[in-house]
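Listed here are the chains, written in short residue letters.
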Amino acid sequence: MKATHLKQGEDAELACCDHLRSQGLKLVDSNFHCRYGEIDIIMLEKEDGSMVFEPAALNMKKGETVRFLLTNKGDSDHEFVMDDVVANQKHKLAMEKYPDMEHADPNAIRLESGESGEIVWTFANTGKFEFACLIPGHYEAGMHGALTVEDRTAAN
Ligand SMILES: [Cu+2]
């Protein structure tokens with residue numbers, strides 16, 4: 001069973017390397033490995049009733065590909081949606097009307113209590129973005145953070 005699982009992992013990794021290659025990105029390592037930065041993100045509710053992401057803000061580099069490893073350590077469902085602030089507000093309003101709407105978007109993931117998941121994302125554009133949980137009430141309870149993408153090569 002384990003071998004099958006590993007095989008799937010390799011296939012996924014290969015598929016992703018191909019995807020990166022097709023975007024003209026150079027692999028820094030051969031041999032099936034895309035070298036990602038990995039960032040752990042925890043979703044949880046606090047005793048005071050607030051709901052948070054840890055870390056509470058993200059600073060990314062333009063062109064960087066990151067694997068976000070998300071874990072819902074809270075008691076209710078949570079989601080992680082990366083978008084610009086205006087799009088998140090629109091999405092939030094839609095969620096208030098249709099709280100159970102499903103996301104098939106690659107920039108979003110919804111996790112049940114205790115569940116983990118991941119998003120692999122390449123930050124192509126600089127700017128100020130946001131990551132948020134758009135389940136009704138959660139944004140207001142604190143589940144949003146600034147996502148800044150900078151062109152650090154230009155700064156040097
Ligand atoms: Cu939430």
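Conventions we followed
- Starting from 1, residues in each chain are numbered consecutively following that chain's sequence as written.
- Selection of residues for local features in this predicted model requires a pLDDT of at least 70, selection of side-chain atom pairs for listing and counting requires 80 or more, and totals for whole chains, interfaces and linings are taken over all residues.
- A run of DSSP states H or I qualifies as a helix once it reaches four residues; a run of E qualifies as a strand once it reaches two. Both are numbered from the N-terminal end.
- Exposure classification rests on a simple neighbour count of other C-beta atoms within 10 Å of a residue's own: a residue reaching 20 or more is buried, one at 12 or fewer is exposed, and one in between is partly exposed. C-beta atoms are placed from the backbone.
- The contact rule is simple: place each C-beta atom from the backbone, and if two of them lie within 7 Å, those residues are in contact.
- Only when DSSP finds a minimum of two bridges between them are two strands counted as paired.
- An axis is simply a line fitted to the C-alpha atoms; with a helix, the fit covers only the stretch in contact. Between two such axes, the angle follows the N-to-C directions and lies from 0 to 180 degrees.

Student: Outline the overall build of the protein chain, listing residues and values.
Tutor: Along the protein chain, the regular secondary structure elements total three helices and nine strands. Scanning the protein chain from its N terminus toward the C terminus, one meets helices and strands in the order α-β-β-β-β-β-α-β-β-β-β-α. Burial status across the protein chain gives 21% buried among its 156 residues. A separation of at least 24 residues holds for 74% of the contacts in the protein chain among residues at least 6 apart in sequence.

Student: Residue-level account of the sheet that holds strand E7 (residues 116-122), with values.
Tutor: Sheet architecture is open: four strands sit in the order E2-E1-E4-E7, paired in mixed fashion. Across the chains shown, the open sheet's two edge strands, defined by having one partner strand only, are strand E2 (51-54) and E7. Between one strand and the next, the sheet's axes are offset by a mean angle of 20°, whatever the strand orientation. Sheet analysis places strand E1 (residues 37-45) next to strand E4 (residues 65-72), joined by seven bridges and oriented parallel. Bridge assignment links Met43 to a residue of E4, and that residue is Asn72.

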